[in-house]
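Each chain is listed here by its residues.
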Amino acid sequence: MFSATVKSMYPKFSMAEKKIADYLLVNRGELADMTSYELAERLGVGQSTVIRFSKKMGYRMFGELIEDVQHAKGGVESEIEPEDAPFEVLSKLGEQYHGFIDAVVKSNAGDNFDAAARYINRASTVVCYGYLNSHILAEYLGDSLVELGVQAISVDDFVQAKRRILMLDPTRDVVIVISKSGEKAEPVGIAEYAQSLHIPVISISDAAGNSLSKKSDIHLKILEDDNRSTPAPAMGTFAGVLFALDALTMCIFQLDRKRYQKSYGESLVAAFSARR
């Protein structure tokens, strides 16, 4: 998790946080049993800054951070080079995917997934919104919810999304907005509009915090890597979001397995019949 998270969040770090991240990356083999106080003393920063950095990175305890740093991969050796053979591409991309997925696990408390699942479980209608290629993710989530028997609608048009939201019941329904960076005007505008109508908003966006997360009732965190020198970082981000969406779907299923198992079975039968 550590290397992938640092790479994604580094531009948003404060100077003190960059100092901590740089030291940990360079000295990852010499950190055994180091405490937050010792790291703070060595770098000339406050212990509270070190603790905040650890929590911002998604760790509950400072010791978890140190352990992860010591075993961190995802450095230069995981970068896909021009001369890499297909097997090496598979291996390195798999390692990068693992980093993005692990970051989703460690950046989110189970409570926020549970709260999001409960919002959806009680909703009569769920609107899933994603802009540009995030619409693919919104559509995937919408299809997954429909398979469970949830009335879900995925839209990518800004005006159409607002029309759909206007018809929602503020006491029951929910809007889900997916934006990897959380900074594009369209998804932020959809969240603002929903909140102006007192409709709960679940956002899925970058763990570092962003404009969209500030307009949400519940924020599910993923890692967004804005490096576009190769397709790999975008692929890793996409994989992390898909994992978060699947986790959310399973959390909904867990709330009422009997109800959702029946709906899911019926949806599969219907799909099979349609293919025939």
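Note: the structure precedes this text.
Residues numbered from 1 in each chain as written. Predicted model: local features only at pLDDT ≥ 70, side-chain atom pairs only at ≥ 80, totals over all residues. Heavy atoms only, no water.

A few words now on the environment of Tyr 37. Relative to the helices and strands, Tyr 37 resides in helix H3 (residues 36-43). Taking the C-alpha atoms as reference points, Tyr 37 and Ser 48, 11 residues apart in sequence, are found 8.9 Å from one another. (Helix = DSSP H or I, 4+ residues; strand = E, 2+ residues; numbered from the N terminus.)

Under the criterion given, the structure shown has one aromatic pair. Lying over the aromatic face of Tyr 193, Lys 162 brings its terminal NZ or CZ to 4.7 Å of the ring centre. (Phe/Tyr/Trp six-rings, centres within 6.5 Å; stacked < 30°, edge-to-face > 60°. Lys NZ or Arg CZ within 6 Å of the ring centre and 35° of its normal.)

What links the strands of a sheet is backbone hydrogen bonding, and the strands pair in either a parallel or an antiparallel sense. One open sheet holds the five strands; their spatial order is S2-S1-S3-S4-S5, and the pairing between them is parallel. Taken across any chain shown, the strands that pair with only one partner, and hence form the sheet edges, are strand S2 (152-155) and strand S5 (218-222). Direction aside, the axes of adjacent strands within the sheet are offset by 20 degrees on average. Sheet strands in contact with helix H7 (residues 110-122) are strand S1 (126-130), strand S3 (174-178), strand S4 (201-206) and S5, and its direction is about 125 degrees off that of S5. Against the sheet, helix H12 (residues 232-255) engages S3, S4 and S5, with an angle of about 135 degrees to S5. (Pairing = 2+ DSSP bridges. Axes fitted to C-alpha atoms, helices over the stretch in contact; angles between N-to-C directions. Contact = heavy atoms within 4.5 Å.)

Bringing unusual backbone geometry into the picture now. One non-glycine residue, Leu 132, adopts positive backbone phi at about 55 degrees. Here Leu 132 is to be found in the loop between S1 and helix H8 (134-148). You will see that His 198, though not glycine, has its phi angle at about 65 degrees, which is positive. Residue placement: His 198 occurs in the loop between helix H10 (185-196) and S4. A residue is classified by how much of its surface remains accessible, and His 198, at 65% relative accessible area, is exposed. (Buried < 20%, exposed > 50% of the residue type's maximum accessible area, 1.4 Å probe, protein only.)

For Val 150, the location among the structural elements is in the loop between H8 and S2. Note on Val 150: relative accessible area 5%, which makes it buried. Once the C-alpha coordinates of Val 150 and Ser 124 are considered, the two residues, 26 residues apart in sequence, prove to be 7.5 Å apart. Each residue touching Val 150, except ones within four places of it in the same chain, is listed here: Ile 120, Val 126, Leu 145 and Tyr 260.

Turning to the side chain of Ser 36, a few remarks are in order. Counting through the fold element by element, Ser 36 comes out in helix H3. Within the structure, the side chain of Ser 36 is placed 2.9 Å from the side chain of Gln 47, a separation counted as a polar contact. Discounting chain neighbours no more than four positions away, the residues touching Ser 36 are Gln 47, Val 50, Ile 51 and Phe 62. (Polar contact = N/O pair within 3.5 Å; in protein donor to acceptor, adjacent residues only side chain to side chain.)

Take a negative patch on the surface next. A cluster of acidic residues, Glu 139, Asp 143, Glu 147, Asp 156 and Asp 157, forms a negative patch at the surface. Looking at the secondary structure, you find Asp 157 in the loop between S2 and helix H9 (158-166). Overall, Asp 157 belongs to the partly exposed group, its relative accessible area being 37%. (Patch = residues over 30% accessible without salt bridge, like charges linked within 9 Å, V, L, I, M, F, W, Y side chains within 5 Å. Areas by Shrake-Rupley, 256 points an atom, 1.4 Å probe, with all protein chains shown as cover. Salt bridge = Lys/Arg side-chain N within 4 Å of Asp/Glu carboxyl O. Lys, Arg positive; Asp, Glu negative; His and termini not counted. Charge placed at Lys NZ, Arg CZ, Asp CG, Glu CD.)

Per the counting criterion, the structure on display carries three salt bridges. In this structure, the salt-bridge partner of Glu 17 is Lys 56, at a minimum N-O distance of 3.1 Å. Taken together, the residues Glu 17 in helix H2 (residues 15-26) and Lys 56 in helix H4 (residues 47-56) connect sequence positions 39 residues apart. Judged by relative accessible area, Glu 17 falls into the buried class, the value being 10%. A relative accessible area of 29% means that Lys 56 is categorised as partly exposed. We note a salt bridge from Asp 114 to Arg 118, for which the minimum N-O separation is 3.0 Å. Of this pair, Asp 114 and Arg 118 both sit in helix H7, four residues apart, roughly one helical turn.

In short, geometric facts, not functional conclusions.
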